[in-house]
Amino acid sequence: VAAANNATRGVVAGGADPGSSNVVDYVNIGSIGNATDFGDQSVIQLGKPGCCASPTRGLQMGGYTTANSALISSYEFASKGSNADFGDRTIVATSLGGLSSDTRGIAGGGDNPSLTDIIDYVTIATSADATDFGDLTVARRDSMGLASTTRGVFGNGRTPSQVDTIDYITIASTGNGTDFGDTTLARHGSGDCVSSSTRGLFMGGQSPTYQNIIDYITIATTGDASDFGDLSTTNVYGYTASNTIRGFFGGGYTGSAYTKVIDYVTIASTGDATDWGDLITAMAEGGGMCNGHGGLA
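Cut-offs used in this document
- Residues numbered from 1 in each chain as written.
- Predicted model: local features only at pLDDT ≥ 70, side-chain atom pairs only at ≥ 80, totals over all residues.
- Heavy atoms only, no water.
- Helix = DSSP H or I, 4+ residues; strand = E, 2+ residues; numbered from the N terminus.
- Buried < 20%, exposed > 50% of the residue type's maximum accessible area, 1.4 Å probe, protein only.
- Contact = heavy atoms within 4.5 Å.
- Areas by Shrake-Rupley, 256 points an atom, 1.4 Å probe, with all protein chains shown as cover.
- Lys, Arg positive; Asp, Glu negative; His and termini not counted.
- Charge placed at Lys NZ, Arg CZ, Asp CG, Glu CD.
- Pairing = 2+ DSSP bridges.
- Axes fitted to C-alpha atoms, helices over the stretch in contact; angles between N-to-C directions.
- Core = buried A, V, L, I, M, F, W, Y, C linked by side-chain atoms within 4.5 Å.
- Polar contact = N/O pair within 3.5 Å; in protein donor to acceptor, adjacent residues only side chain to side chain.

Colleague: An account of the overall build of the protein chain is needed here, citing residue identities and associated values.
Modeller: When its secondary structure is counted, the protein chain shows zero helices and 23 strands. Seen through its C-alpha atoms, the protein chain measures out along the principal axes to roughly 40 × 40 × 40 Å. Within the protein chain, buried positions represent 59% of all 297 residues. Counting contacts in the protein chain only where the partners sit at least 6 residues apart, residues at least 24 apart contribute 57% of the total. If you sum the accessible surface of the protein chain, you get close to 9,800 Å²; carbon and sulfur atoms cover 47% of it. Taking the 14 positively charged and 29 negatively charged side chains of the protein chain as two groups, their mean positions are separated by 4 Å.

So, in structure tokens, the structure goes:
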């Protein structure tokens, strides 16, 4: 299955560079090196859409097109090309958290322009509008989403002040988020879905200064996050993705410039990130997806 395959594909799509970018890159997470061109977005989608993926398809949910958007767009991992229309979220919002199992994609929180606590979901294999799932414990934007095969987690965000809140949900059911614990630092603004089936990572962010911190949690066990190590640079709004072995953080804004540097870590260990290579374009505020993350059976 894809989640057990060390040669899975990570896709990073859209964002700011510092103008609006329609660039889509991909990397083979089993092989260190620079990103390769995947295609261009037919509709530019930036502003931290909530990102999720099955073994075959990646989704970006909400974000910003020409205004705050309800758009859900899809990418087929096996092919290259542009994003396709999938459907719409239940609300218009930007700056979401996203996560998924192998069947269900979930996005939560955001700004529309007032802060929202709404969580909604789709069945990734079927193009259709989203359905209401429940609510986060607190309305916030710019949270970070990750998952195991059964449990989804939303960490951090802005209310509008930065928070260290971690919520969790059971992906196969519906209902409101439950308190999980706290991250090591209140912050906002990293990407979604860096996890194995047991461990999840929150990488980078802003608090209010730009951060290089990496935290980790054991997804099956509630409690506070622990320090994992550091990224190679302070960074916010980068692109994150993983298979069950490696997680990467690419691009983003360092506080002084957009970057195309990609870092990676081995999820099962702790320690500082290592250089992977570069994205094609220095950019931030889009979304990263992978067909082998820890939420996949």
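Next comes the rest of the write-up.
Colleague: How would you summarise the sheet that holds strand S10 (residues 118-123) if you had to cite specific residues and measurements?
Modeller: If you trace the four strands from one edge of the open sheet to the other, you get S8-S9-S10-S11, paired in antiparallel fashion. Whereas interior strands pair on both sides, the edge strands pair on one side only; in this sheet they are strand S8 (97-100) and strand S11 (131-135). Neighbouring strand axes in the sheet, compared pairwise and without regard to direction, differ in orientation by 25° on average. Here strand S9 (residues 104-108) pairs with S10 via five bridges, running antiparallel. Of the residues in S10, the one forming a bridge with Ile106 is Tyr121.

Colleague: Would you mind going over the pairing of strand S21 (residues 261-266) in detail, with residue names and values included?
Modeller: The two faces of a sheet get side chains in turn, since along a regular strand they alternate between them. Relative to S21, strand S20 (residues 246-250) runs antiparallel, the two being bridged by five bridges. Across the sheet, the residue bridging to Arg246 is Thr266, located in S21. As defined by bridge partners, S21 adjoins strand S22 (residues 274-278) across four bridges and the pair is classed as antiparallel. Looking at the pairing, Asp263 lines up with Asp275 of S22.

Colleague: Account for the sheet that holds strand S6 (residues 71-76), naming residues and giving values.
Modeller: Across the sheet, which stays open at both edges, the four strands sit in the order S4-S5-S6-S7 with antiparallel pairing between neighbours. Looking at strand neighbours, the two that pair on one side only are strand S4 (50-53) and strand S7 (84-88), the edges of this open sheet. When the angles between neighbouring strand axes are averaged without regard to direction, this sheet yields 25°. Examined bridge by bridge, S6 and S7 share four bridges and lie antiparallel to one another. Counted as the bridge partner of Leu71 is Asp88 from S7.

Colleague: Got a sec to walk through the nonpolar core? Specific residues and values, please.
Modeller: By size, the foremost hydrophobic cluster in this structure holds 14 residues, and its most contacted members are Val12, Val27, Ile29, Phe248, Ile262, Trp276 and Leu279. Not counting residues up to four positions away in its chain, the partners in contact with Val12 are Val23, Val24, Asp25, Tyr239, Phe248, Leu279, Met283, Gly287 and Gly288. Ile72, Phe86, Ile91 and Val122 belong to the second-largest nonpolar core, a separate cluster that totals twelve residues.

Colleague: Can you explain the environment of Asp111? Please cite residues and give values.
Modeller: Along the chain, Asp111 turns up in the loop between S9 and S10. Taking the relative accessible area as the measure of exposure, Asp111 reaches 12% and is therefore buried. Sequence separation of Asp111 and Ser31 is 80 residues, and the distance between their C-alpha atoms is 36 Å. When neighbours within four sequence positions are excluded, Asp111 is seen to be in contact with Asn68, Ala93, Thr94, Thr116 and Arg141. Here the side chain of Asp111 touches Arg141 through a polar contact of 2.9 Å, side chain to side chain.

Colleague: Could you give an account of unusual backbone geometry, with specific residues and numbers?
Modeller: In this chain, Asn112 is followed by Pro113 through a cis amide linkage whose omega measures -5°. Its place among the elements puts Pro113 in the loop between S9 and S10. Cis geometry is adopted by the peptide bond preceding Pro160, which originates at Thr159 and carries an omega value of 20°. Within the secondary structure, Pro160 sits in the loop between strand S13 (151-158) and strand S14 (162-170).

Colleague: Mind laying out the pairing of strand S1 (residues 9-16), listing which residues take part and the relevant values?
Modeller: Counting buried positions along S1 gives seven out of eight residues, so the element sits mostly inside the fold. Where S1 meets strand S2 (residues 20-28), seven bridges bridge the pair, whose relative direction is antiparallel. Bridged to Gly15 within S2 is Ser21. With four bridges joining them, S1 and strand S23 (residues 287-290) adopt antiparallel strand pairing. Its bridge partner being in S23, Ala13 is matched across the sheet by Gly287.

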